[in-house]
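# Chains, contacts and geometry: an overview
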Amino acid sequence: MQQKKLNYISMKKRTFLKLSTAAITGAAFSPILSCTTGNKSDSVILKNWAGNLTYHAIDLIEPATVGEVQQVLAKNATVRVLGTRHCFNTIADTEATLLSTAKLNKVIVIDPNSQTVTVEGGIRYGEFCKEIHNAGFAIHNLASLPHISVAGACATATHGSGMKNGNLATNVISMELVTANGDVLTISREKNPDMFNGAVVSLGTLGVVTKLTLGLVPTFDVRQDVFLNLPMEQLKTNLLELMSGGYSVSLFTDWQSDSINQVWVKSVVKPGEPFEVRKEYFGAIRADRNVHPIIALSAENCTEQMGVPGAWYERLPHFKMGFTPSSGEELQAEYFVPQESAAEAIQAIAKLRDEIKPYILITEIRSIAADELWMSPCYQQASMAIHFTLKQDLAGVNQLLPKIEAAIAPYHSKPHWGKLFTLDAKTLQSRYDRIEDFKNQVMKLDPDKKLRNAFIDQYIFG
Ligand SMILES: Cc1cc2nc3c(=O)[nH]c(=O)nc-3n(C[C@H](O)[C@H](O)[C@H](O)COP(=O)(O)OP(=O)(O)OC[C@H]3O[C@@H](n4cnc5c(N)ncnc54)[C@H](O)[C@@H]3O)c2cc1C
């Protein structure tokens, strides 16, 4: 397969480097990408985390200040923002310029009075959680991995689990963005409530998010207990109850038996307060060692289990910061259904056991509280997310996903914005009540379509 190479432009010297035609032409034919550090231009290939997508951009620019972001937007006709490249689809792709937020990665201030932290958009959760813990605070929830950027996670409504926990975007109190025309705009939940609800899950369309202020809670400890082989029957009658048995509960299954393979229960523990240790959980038996969600893999990459208490940021993600999250070589898809229909939706998918078998690595089922963010799959709807970690066989996965989507169509499922799906644009749009309001907001802030890409043109405007 021909690999697309692109020019990497470092703005370290605060100079904007023009690329030679030769460099761009060469890029189309060689598996190397052009990289400019200081005055010298090198070549690099840029892929997403999973390696299933080679970005089609011609330039990759890494501004380190708001001023440099403004400069990039002023000098390029089409720009797409790139976070930590953890999406599986083309939502972050472009054939023009990619603006990477890798150097916008600092903690600006932890404010104990307002119980907030303000960070730059490109920082990864794993880079500042310890600092806020040391200051006595916590974020209400985290995704399965701490490796993702805050702005990238919020832009796609990334979530963890917990019946009372909204997705990570619900934790945003205000954000600063550089809009397409170069203006610096601050949107806050308090001062611009309606615009705010249409801006946090932005899908990268409203501007470059340069700063976010996140709400904090007092720091807390969490213990993680894993239970094996939960009878699938329990889901029919007790799904909401068993998802409510901890601060954050995840079910893992490969759909190949009449059991959920693993139940991970993350519970808040308070020093000095007794904790009733369960030997079983709705018929599932307590694990006697740390396990990986894919049981055949080593648990070395996973956060500590076996009920050992630890700080929230070392227990809420499933995977440790310094290690590969998940399985590595994989594809992912995920669908949100209303909590009240989730048991039925899971049964409908279970009937596809044989079709799923050739591709499945593991499924994870999580709960997410309802929110008010227009483009969140949980907009005014408490949801259950049914996730698939799949083998890296794109053709096979593309055959499988329409079957899953058809099976859960009666529940008006919505796909995760950052993962693979095959749902058509019209159906997808019909499931978002506020899509017209969102489109109007995009048109207002980006009338010249500078921040658009093919994904947005197809699934939002198509
Ligand atoms: C191993 C693995 C585990 C995962 N686990 C979870 C999970 O537990 N829960 C979950 O919900 N998802 C999960 N995901 C999906 C992931 O959280 C999302 O894809 C998320 O968007 C990744 O953030 P990113 O910074 O890598 O985004 P990118 O892929 O770089 O970009 C995503 C989108 O955000 C936009 N964007 C990025 N930065 C900015 C910015 N500063 N300003 C404006 N727009 C911006 C981009 O334009 C793009 O549209 C997982 C993915 C992987 C690979």
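I will try to describe carefully the structure that is included in this document. (Residues numbered from 1 in each chain as written. Predicted model: local features only at pLDDT ≥ 70, side-chain atom pairs only at ≥ 80, totals over all residues. Heavy atoms only, no water.)

### Some words on the overall build of the protein chain
Which entries qualify depends on this criterion: Each helix is a run of DSSP H or I of at least 4 residues and each strand a run of E of at least 2, with the numbering of both proceeding from the N terminus. For a compact globule the rule gives 2.2 Å times the number of residues to the power 0.38, and the radius of gyration it is set against comes from C-alpha atoms. Relative accessibility thresholds used throughout: buried, under 20% of the residue-type maximum; exposed, over 50%; partly exposed, between the two (1.4 Å probe, protein chains only). Contacts are residue-level and defined by heavy atoms, with any inter-residue pair within 4.5 Å sufficient.
When helices and strands are counted, the protein chain shows 12 helices and 23 strands. For the protein chain, whose C-alpha radius of gyration is 22 Å, the value lies close to the compact-globule estimate of 23 Å for 462 residues. Viewed in the frame of its principal axes, the protein chain has a C-alpha envelope of about 65 × 50 × 40 Å. Looking at the protein chain as a whole, 58% of its 462 residues qualify as buried. Sequence separation of 24 or more characterises 71% of the internal contacts of the protein chain that already satisfy a separation of 6 or more.

### Things to note about the sheet that holds strand β7 (residues 107-111)
Heads up, the condition is: Any two strands with at least two DSSP bridges between them are considered paired. Every axis corresponds to a line fitted to the C-alpha atoms, with the helix fit spanning only the stretch in contact, and the corresponding angles, defined between N-to-C directions, vary from 0 to 180 degrees.
Taken together, 5 strands build an open sheet; the order of strands is β7-β8-β12-β10-β11 and the sheet is antiparallel. With one partner strand each, in any of the chains shown, β7 and β11 (184-188) form the two edges of the open sheet. Recorded for the sheet is a direction-independent mean angle of 10° between the axes of neighbouring strands. Here β7 runs beside strand β8 (residues 116-120); their pairing, made up of 4 bridges, is antiparallel. Across the sheet, Asp 111 pairs through a bridge with Thr 116, a residue of β8. The strands touched by helix α3 (residues 125-134) within the sheet are β7, β8 and β12 (208-215), with β7 carrying the most contacts at an inclination of about 25°.

### Quick notes on the pattern of salt bridges
The test is simple: Salt bridge, as applied in this entry: a Lys or Arg side-chain nitrogen positioned within 4 Å of an Asp or Glu carboxyl oxygen.
Scanning the entire structure with this criterion turns up 13 salt bridges. Taking the shortest distance from any N to any O, the salt bridge between Arg 223 and Asp 225 comes out at 2.8 Å. In this structure Arg 223 comes out as buried when scored by relative accessible area, which is 9%. Here Glu 436 and Lys 439 are joined by a salt bridge, their closest N and O atoms 3.3 Å apart. Of this pair, Glu 436 and Lys 439 both sit in helix α11 (residues 435-445), 3 residues apart, which is roughly one turn of that helix. A relative accessible area of 47% means that Glu 436 is categorised as partly exposed. Via salt bridges that share partners, Glu 334, Glu 364, Arg 366 and Lys 419 belong to a single interconnected network.

### Thoughts on the environment of Asn 89
Definition in use: In protein, a polar contact requires one atom able to donate a hydrogen and another able to accept it; more generally it is a pair of N or O atoms within 3.5 Å, and residues adjacent in sequence count only if both atoms are side-chain atoms.
Relative to the helices and strands, Asn 89 is located in the loop between β5 (79-82) and β6 (97-100). What makes Asn 89 buried here is its relative accessible area of 9%. Separated by 243 residues in sequence, Asn 89 and Gln 332 have C-alpha atoms that sit 9.3 Å apart. Setting aside residues up to four positions removed in sequence, Asn 89 forms contacts with Leu 53, Trp 417, Gly 418, Lys 419, Leu 420, Phe 421 and Phe 455. Separated by 3.0 Å, the side chain of Asn 89 and the backbone nitrogen of Ile 91 make a polar contact. At a separation of 2.9 Å, a polar atom in the side chain of Asn 89 contacts the main-chain carbonyl oxygen of Trp 417.

### As for the side chain of Gln 381
As for its position among the elements, Gln 381 is in the loop between β21 (360-368) and β22 (383-390). Beyond its immediate sequence surroundings of up to four residues, Gln 381 is in contact with Val 337, Pro 338, Ala 370 and Lys 414.

### Brief notes about the packing of aromatic side chains
This is how it is decided: Pairing of aromatic rings covers Phe, Tyr and Trp, the last counted by its six-membered ring, and requires centre-to-centre distances within 6.5 Å; plane angles under 30 degrees mean stacked, over 60 mean edge-to-face, and any other angle means tilted.
Within the structure shown, the criterion is met by 13 aromatic pairs. Judged by centre distance (6.5 Å) and plane angle (65°), the rings of Tyr 335 and Phe 388 are edge-to-face. You can see Tyr 335 sitting in strand β20 (residues 331-338) and its partner Phe 388 sitting in strand β22, a full 53 residues away along the chain. Judged by relative accessible area, which is 1%, Tyr 335 ranks as buried. Exposure remark for Phe 388: the relative accessible area of 0% places this residue in the buried category.

### Description of the nonpolar core
Where we set the bar: Nine residue types can take part in a nonpolar core, namely buried Ala, Val, Leu, Ile, Met, Phe, Trp, Tyr and Cys, and a core is a set of them joined through side-chain atoms within 4.5 Å.
Ranked by internal contacts, the top residues of the largest apolar core, which has 104 residues, are Tyr 125, Leu 251 and Trp 312. Looking at which element gives the most residues to this core, the answer is helix α7 (residues 342-350), with 6 residues. Apart from residues no more than four positions distant in its own chain, Leu 251 is found in contact with Leu 230, Leu 235, Leu 239, Leu 242, Met 243, Ile 260, Gln 262, Val 263, Thr 363, Glu 364 and Ile 365.

### Notes on the site of the ligand
Threshold: By convention in these notes, a residue is near a molecule or strand provided one of its non-hydrogen atoms lies within 4 Å of it. Note that accessible areas follow from Shrake-Rupley with a 1.4 Å probe, and for residues the cover is restricted to the protein chains shown.
In the vicinity of the ligand there are 36 residues, among which Val 81, Gly 83, Thr 84, Ser 149 and Thr 156 approach most closely. Interatomic distance of 2.9 Å between a backbone N/O atom of Gly 152 and an oxygen atom of the ligand. One nitrogen or oxygen atom from the side chain of Arg 366 is found 2.8 Å from an oxygen atom belonging to the ligand. Contact with the protein chains hides 99% of the accessible area of the ligand, taken as 970 Å² for the molecule alone. Those elements that provide at least two residues to the shell around the ligand are β5, α4 (150-155) and β12.

### A look at the environment of Ala 50
Note on placement: Ala 50 falls in the loop between β3 (40-45) and β4 (59-62). Beyond its immediate sequence surroundings of up to four residues, Ala 50 is in contact with Phe 88, Glu 330 and Gln 392.

### Remarks on α7
With 7 of its 9 residues buried, α7 lies for the most part within the structure. Along α7, the residues classified as buried are Ala 342, Ala 343, Ala 345, Ile 346, Ala 348, Ile 349 and Ala 350. Those residues of α7 hidden inside the fold are in contact with α6 (233-243), β20, α8 (353-356), β21, β22 and α9 (394-407).

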